[in-house]
Amino acid sequence: MDDQTKLFDDIRVQLEEQGRAAEDISEIEGAFQFARRLHDGQYRVSEEPYIIHPVEVVKILISLRADKHTLMAGFLHDILEDTETEPDEIKERFGEDVLNLVQGVTKLGKLKFKSKEERQAENFRRLFIAMANDVRVIFLKLADRLHNMRTLNFMAPAKQQRIAQETLDIFAPLANRLGVGKIKAELEDLSLKYLYPDKYYEIAKLVSQKKTEREQTVNLLIEELKKDVKASGIKAEITGRAKHYYSIYNKMRRQNVAFHDLYDITAVRVIVDTEKECYEVLGLIHSKFKPIPGRFKDYIAMPKGNMYQSLHTSVIGPNKKPLEVQIRTWHMHEIAEYGVAAHWRYKEKGSQKADSNTDMQFSWMRKLVEYNNETSDAEDFVDTVKLDLFSDQVFAFTPNGDVIDLPKDATPLDFAYRIHSDVGHKTVGALINGRIAQLDSKLKNGDIVEVLTSKVPAPKLGWLNFVVTKQASSKIRQWFKKNKREDHIELGKSTLEHELTKAVFDEYMKSGELEKVAKIMNYVSADDLFAALGYGETTIHKIVNKLKKPEKPEEPKFGHAHRNSKKKDIEGLEGMLYSFARCCSPIPGEPIVGVVTRSKGVSIHRLDCKTLDDIEPERLLDIKWSGINTDKRYTTNIRIETAEKQGLLKDIIAAVSDNNTNIVFANVKSKFNKLGIIELGIEVDNIETLKKVMNSIQAMPDVYSVKRVQTSFNSSPKQFARKNNKQVRKNKTQQNPKG
């Protein structure tokens, strides 16, 4: 018997200890021998025989109590990828169920992709969909990834970091979602080791240094608890442990504190027989040690989405040291360690699949199939899964008591779309815990949400500003894609005009450049591109990046000096160098005055500009607009006071757009009294257009006031004298009253 054949001996012992049937062990050994023969002569980067890897993967799967077919697939999981074996041979030798598991974890080795990122995204898409059909696929992949992480030290540093980041982004959250706490903790710690080695070894050193002190405190608490528990007639196992390194690192980063300021790096775990005893032990602990306010969590009454159940409390323990205590039953402990693997009873005939009627906790796996049907782009699919399924969760309830799990900061609209897309489309309001709430309110754990709907669907584009889930934003965009096409084309056009300015936009339209860009971006026409921009399928940034620079020179920027051309703007400045003052932003149609400067020609101001108070009368020139030039645009600033409301800026931009006006900058800020301040720089051709824009904005229900504002005069010449000129301005006003 050679050394490789002996590898199965340890596995045989583990299987016999679990009480596996001799016939099953024989079939599992058959898969081992087949894999050993096919991998013969292959070596890993560590220079050990390749068969060591599948053997270690199977050992991990045995610890999760995986079924016979999963263990067989564990030995065979790299066969299709790394050898010339055909799928039919695996099916013939080991059956269709084993083949499906192997194919579920096999990478896309022979297909061609545009980039590594696209290939990897498609790999993950296949993995997630395979997992949704049979959860054993992900147990196989988690075991495979865990052993790869354990041997990552043999890889090049760049590859170590890439694999570690991928593990932290995808596989550790998957382990958490499936409730496999043991694997999750080890994957996170190993990822931290390669991504942030300095932090990893610093935390390891600090945990080691504090070990004696920590153990002393924990042991004192355990001794006290054992006495009280025994006196109450409760049989309990009480242990203490330091939290894993990544958990400590995450707390330090999230709370922005040093290691020495963390008070819950150690947890005491109490395991009892019944749920009733959990609460009895909690009472004993709180009567003996002072609980820390706000640190009690009842995950028994409200389990986590991965079925985790325990009571968590933090107390001031012996030596005045804070400690976290977790209390659970043995059944809860099994689920906390092994998650789904402990929850489902594996069947040798058939597969370990979630029963859609009984395992509602894992309805999120079925969402993977929904997401796959909604998007054809693999990278979008993976981004959606990472955001909606792997982010921090909030659990809210329907009025009937059904639990809806959502990402952190989700809103009632996300809740509505999670129930059904039709419910989302018809939403007009929401009640949170019986009270009327805004649709952009952030939900908290335990909120009871009642969605108020209309008879007909009427989504709003503004919803895209605050919905959190990809599912909701995708459904909203899909609805707008199918409805109100003309509105979207107009909105897309005006949005692009704002970005490019009307002259540049028109030039792109005449040259056919926008048609070319539309086809590059896989749209049939420019109108399709505008519509996509209007309902949010694409972005300004993507379009602008693909546009060629216009051949025609741009108009001189506002405030820049220029000489009068044949088409005169100003009467009284013939042949003179002039510029428009930044402080008051004069616009055709309103009274103006010229100020002679010593180095920049004539500066043109509004007649009511505050800076004129300090100008000598002899430097003022009597000028006026020669007429309205609709080809030119002049920038001015307005200040809008509003109710503090999500999405209002987008409505205001639309109002500006309706008046064929460009926005050159926008600044949004909030005040302590719930007042929103929006400052806009807009381009208009004359004073009448400005009035129309301001009136349109003022008519909006959530707008309190709209004012034209004057900026501080930061570009005035230092040589301006400080003399009063009010009388001169008064005289000029009488000659040329403001319209």
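Look up a bit, the structure's there.
Residues numbered from 1 in each chain as written. Predicted model: local features only at pLDDT ≥ 70, side-chain atom pairs only at ≥ 80, totals over all residues. Heavy atoms only, no water.

I keep staring at the environment of Leu529 and nothing clicks. Help me out?
Along the chain, the position of Leu529 falls in helix H26 (residues 526-534). The spatial distance from the C-alpha of Leu529 to the C-alpha of Ile489 is 8.0 Å, given a sequence separation of 40 residues. (Helix = DSSP H or I, 4+ residues; strand = E, 2+ residues; numbered from the N terminus.)

For this particular structure, what's the right way to read the pairing of strand S2 (residues 266-272)?
Side-chain positions along a regular strand alternate between the two faces of the sheet. S2 sits mainly inside the fold: seven of its seven residues count as buried. Burial along S2 is two-sided: Thr266, Val268, Val270 and Val272 facing one way and Ala267, Arg269 and Ile271 facing the other are all buried. Where strand S1 (residues 237-242) lies against S2, six bridges are found, and the strand directions are antiparallel. When the sheet's bridge partners are listed, Thr239 is paired in S2 with Arg269. Pairing between S2 and strand S6 (residues 322-329): six bridges, direction parallel. By the bridge assignment, Val270 is partnered in S6 with Ile327. (Buried < 20%, exposed > 50% of the residue type's maximum accessible area, 1.4 Å probe, protein only. Pairing = 2+ DSSP bridges.)

How should helix H20 (residues 412-419) be read in this particular structure?
Each α-helix winds once per 3.6 residues, and so residues spaced three or four apart point in a common direction. Most of H20 sits inside the fold, with seven of its eight residues counted as buried. Listed in full, the buried residues belonging to H20 are Pro412, Leu413, Asp414, Phe415, Ala416, Tyr417 and Arg418.

How should the nonpolar core be read in this particular structure?
Note that soluble globular proteins tend to have their nonpolar side chains buried in a common cluster. Counting 69 residues, the largest nonpolar core has Phe75, Leu76 and Ile90 as the members making the most contacts within it. Each residue touching Leu76, except ones within four places of it in the same chain, is listed here: Ala31, Phe34, Ala35, Ile90, Phe94, Val98 and Val102. Of all hydrophobic cores here, the second largest spans 34 residues; its members include Ala430, Leu461, Leu500 and Tyr523. (Core = buried A, V, L, I, M, F, W, Y, C linked by side-chain atoms within 4.5 Å. Contact = heavy atoms within 4.5 Å.)

Would you take a moment to explain a negative patch on the surface for this structure?
Taken together, Glu84, Glu86, Asp88 and Glu92 make up a surface patch of like negative charges. Mapped onto the elements of the fold, Asp88 is located in helix H6 (residues 87-94). (Patch = residues over 30% accessible without salt bridge, like charges linked within 9 Å, V, L, I, M, F, W, Y side chains within 5 Å. Areas by Shrake-Rupley, 256 points an atom, 1.4 Å probe, with all protein chains shown as cover. Salt bridge = Lys/Arg side-chain N within 4 Å of Asp/Glu carboxyl O. Lys, Arg positive; Asp, Glu negative; His and termini not counted. Charge placed at Lys NZ, Arg CZ, Asp CG, Glu CD.)

Teacher, can you tell me more about the packing of aromatic side chains here?
Given two aromatic rings, their pairing is described by the distance between the two centres and the angle made by the two planes. A complete count under the given rule lists 13 aromatic pairs for this structure. Here Tyr200 and Tyr201 contribute two aromatic rings whose centre-to-centre distance is 5.1 Å and whose plane-to-plane angle is 90 degrees, an arrangement assigned as edge-to-face. Owing to a relative accessible area of 15%, Tyr200 belongs among the buried residues under this scheme. An angle of 70 degrees between the planes, with centres 6.0 Å apart, marks the rings of Tyr299 and Tyr308 as edge-to-face. Among the residues examined, Tyr299 registers a relative accessible area of 17% and is labelled buried. An aromatic cluster is defined as three or more aromatic residues linked by ring pairs; in this entry it consists of Phe8, Phe32 and Phe75. (Phe/Tyr/Trp six-rings, centres within 6.5 Å; stacked < 30°, edge-to-face > 60°.)

Explanation requested: the pattern of salt bridges in the structure shown.
Tallied over the full model, the rule gives 23 salt bridges. Among the salt bridges present, the one from Arg162 reaches Glu166, with a minimum N-O distance of 4.0 Å. Highlighted residues: Arg162 and Glu166, both in helix H10 (residues 157-177), separated by four residues, approximately one helical turn. Arg162 sits in the partly exposed class, given a relative accessible area of 44%.

Which parts of the structure should I look at to understand the sheet that holds strand S11 (residues 449-453)?
Pairing between sheet strands relies on hydrogen bonds along the backbone, with the strands arranged either parallel or antiparallel. Spatially, the three strands line up as an open sheet ordered S10-S9-S11, and their pairing is antiparallel. Looking at which strands have only one partner, the edges of the open sheet turn out to be strand S10 (435-437) and S11. Strand-to-strand twist of the sheet, defined as the mean angle between neighbouring strand axes without regard to direction, takes the value 35 degrees. One ladder, built from five bridges, connects strand S9 (residues 427-432) with S11; its direction is antiparallel. When the sheet's bridge partners are listed, Ala430 is paired in S11 with Val451. (Axes fitted to C-alpha atoms, helices over the stretch in contact; angles between N-to-C directions.)

Looking at this structure, I do not really get the environment of Glu688. What am I missing?
Structurally, the position occupied by Glu688 is in helix H29 (residues 687-698). Note on Glu688: relative accessible area 43%, which makes it partly exposed. Considered as a pair, Glu688 and Ile587 are 101 residues apart in the sequence and their alpha carbons are 9.5 Å apart.

What should I look at first to understand a positive patch on the surface in this one?
Among the surface-exposed residues, Arg253, Arg254, Lys297, Lys304, Lys408 and Lys442 lie close enough to one another that they form a single positively charged patch. Considering the arrangement of structural elements, one finds Lys442 in the loop between S10 and S11. For Lys442, a relative accessible area of 55% puts it in the exposed group.

Help me out: how do you make sense of the packing of helix H3 (residues 52-63) against helix H9 (residues 136-150) in this one?
The N-to-C vectors of H3 and H9 enclose an angle of 120 degrees; their axes lie 9 Å apart at closest approach. The angle between H3 and H9 places the two elements in the oblique class. Read as a crossing pair, H3 and H9 show a hand that is right-handed. Contact residues: H3 offers His53, Glu56, Val57, Ile60 and Leu61, while H9 offers Phe139, Leu140, Ala143, Asp144, Leu146, His147, Asn148 and Arg150. Broken down by class, the residue content of the contact of H3 with H9 amounts to seven nonpolar, three polar and three charged. (Parallel < 35°, antiparallel > 145°, perpendicular 65-115°, else oblique. Left-handed = near helix turned anticlockwise from the far one by under 90°. Nonpolar A, V, L, I, M, F, W, Y, C, P; charged D, E, K, R; others polar.)

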